[in-house]
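Structure assessment
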Amino acid sequence: MSLAVVGSIAFDAVKTPFGERERMLGGSAVHFSLASSFFTDVHIVGPVGDDFGPDEYAILERRSIDTSGIETIEGGKTFFWRGHYEYDLNTAHTDDTQLNVFGEFQPKLHDDAKNADVLFLANIQPDLQRAVREQCDSAKFVALDSMNLWIDIAKDSLVETIKLVDAVFMNDAEIRQLTGQSNLVKAARELLELGPRLVIAKQGEYGAALFSKGGFFALPAYPLEDVIDPTGAGDSFAGGFLGYVAQHIAEGSELDEHSFRRAMTYGSTMASFNVENFGTERVRDLTGDEIGERFTGFKQITHFEEVAVSYR
Ligand code: AMP
């Protein structure tokens, strides 16, 4: 039972209306790995500079994440992202992106990562995502995330990559932008026509929607009173979803509509913890009991009974 993720490993500087951090561990692959590590063995792959030290490794290794696929570029600097949020926490404003060691990154996966059951192509240049996909022939389930930057500058490549995956995780606005369709249902169906089995539209504080060839499912975000920093919520969502999928595959169970609905709930559960503190500060110290309780909480807030009503 294992899962591999390739994506950014970063230092983030983030300011929200509730505080700020000048330099904290971040990156799409990091948020994803921490969330998925509660469900399965995780191999993280990506480049860092020699400013990435023992404190950062310790956060990943405490969750038993395999860090042997982290490649240190001597003399290089780790990817850096600076962003801020206004009171509308759904929109991240990017103030600075320094690709640093990511500029020259050519992914080469080690055998454990290549042989993982589940592969997540986190938000990186779509040509690189394809280069990784081609190294993982035996993966049973492959998913990708992307962002408006790649739709703007590498749309054709992104479409080619989408044809090679089982699931697409994207923000609703990005799905609309990619397809040119203002209606999300039509837009998601257009992406399904390209080949993936699932399209998951992330909608920030409004939750997430799952589109499959014959079905639809949606969950609200968990009703939290204190949301501190949404950075990494999307990747934590994908981590909970795919971590559960990896565990389900390892049990020999078939992936059907019911299992994908549970995966949506684990995704929403992990995203809800992520936003409760800055960066990785909440998820890295979570317990299994807390995850289980919130999963049950989701069932309670989304369940209703059908009774006979006469319509007139
Ligand atoms: P999200 O889950 O969408 O909030 O992802 C947040 C993470 O994405 C942050 O920790 C950033 O380090 C990382 N990030 C921001 N911009 C980029 C980019 N252009 N490529 C890869 N990762 C990025």
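For the structure, see preceding data.
Quick summary incoming for the structure in this document.

1. Remarks on the site of the ligand
The ligand sits among 16 residues. The nearest are S8, D12, G27, G232 and D235. A distance of 2.8 Å is found between a nitrogen atom of the ligand and a side-chain nitrogen or oxygen belonging to S8. A total of 510 Å² of accessible area belongs to the ligand in isolation, and the protein chains cover 83% of it. When contributions to the shell around the ligand are tallied by element, the ones reaching two or more residues are β2 (10-16), β6 (79-84) and α9 (233-250). Broken down by element, the shell around the ligand gets its largest block of residues, three residues, from α9. Classifying every residue of the shell around the ligand gives six nonpolar, eight polar and two charged.

2. Concerning the pattern of salt bridges
What the rule picks out here adds up to 11 salt bridges. Salt-bridge contacts for E160 lead to K163; the nearest nitrogen and oxygen are separated by 3.1 Å. A residue is classified by how much of its surface remains accessible, and E160, at 36% relative accessible area, is partly exposed. Across the pair D172 and R176 runs a salt bridge, and its minimum N-O distance is 3.9 Å. Highlighted residues: D172 and R176, both in helix α7 (residues 172-179), separated by four residues, approximately one helical turn. The exposure class of R176 is partly exposed, given its relative accessible area of 31%. Counted as one network, the salt bridges with shared partners bring together E276, R282, E290 and R294.

3. Examining the nonpolar core
One recurring pattern in soluble globular proteins is that nonpolar side chains are buried together. Ranked by internal contacts, the top residues of the largest apolar core, which has 57 residues, are F141, F169, F241 and L242. Ranked by residues supplied to this core, first place goes to α9 with eight residues. Every residue in contact with F169, bar those within four places of it in the chain, is listed here: F120, A143, L144, D145, S146, I200, K202, F237, A238, F241 and L242. Ranked by size, the runner-up nonpolar core spans 44 residues in total, among them M24, A113, A139 and A187.

4. Comments concerning the sheet that holds strand β4 (residues 41-49)
Strand pairing in a sheet relies on backbone hydrogen bonds, with the paired strands running either antiparallel or parallel. As summarised here, the arrangement of the nine strands in space is β5-β4-β1-β8-β9-β10-β11-β12-β13, forming an open sheet in which the pairing is mixed. Two strands in the sheet have a free side with no partner beyond their single neighbour: β5 (66-73) and β13 (216-219). Taking the axes of each pair of neighbouring strands and ignoring which way they run, one obtains an average angle of 15° across the sheet. Bridge count for strand β8 (residues 118-121) against strand β9 (residues 141-145) is four bridges, and the pairing is parallel. Note that in β9 the partner of L119 across the bridge is V142.

5. Here we look at the pairing of β6
Bridge count between β2 and β6: six bridges; the pairing is parallel. Of the residues in β6, the one forming a bridge with F11 is F80. Looking at chain direction, β6 and strand β7 (residues 93-98) are connected through five bridges and run antiparallel. The partner of W81 across the bridge, within β7, is T97.

What counts and what doesn't
- Residues numbered from 1 in each chain as written.
- Predicted model: local features only at pLDDT ≥ 70, side-chain atom pairs only at ≥ 80, totals over all residues.
- Heavy atoms only, no water.
- Near = heavy atom within 4 Å.
- Polar contact = N/O pair within 3.5 Å; in protein donor to acceptor, adjacent residues only side chain to side chain.
- Areas by Shrake-Rupley, 256 points an atom, 1.4 Å probe, with all protein chains shown as cover.
- Helix = DSSP H or I, 4+ residues; strand = E, 2+ residues; numbered from the N terminus.
- Nonpolar A, V, L, I, M, F, W, Y, C, P; charged D, E, K, R; others polar.
- Salt bridge = Lys/Arg side-chain N within 4 Å of Asp/Glu carboxyl O.
- Buried < 20%, exposed > 50% of the residue type's maximum accessible area, 1.4 Å probe, protein only.
- Core = buried A, V, L, I, M, F, W, Y, C linked by side-chain atoms within 4.5 Å.
- Contact = heavy atoms within 4.5 Å.
- Pairing = 2+ DSSP bridges.
- Axes fitted to C-alpha atoms, helices over the stretch in contact; angles between N-to-C directions.

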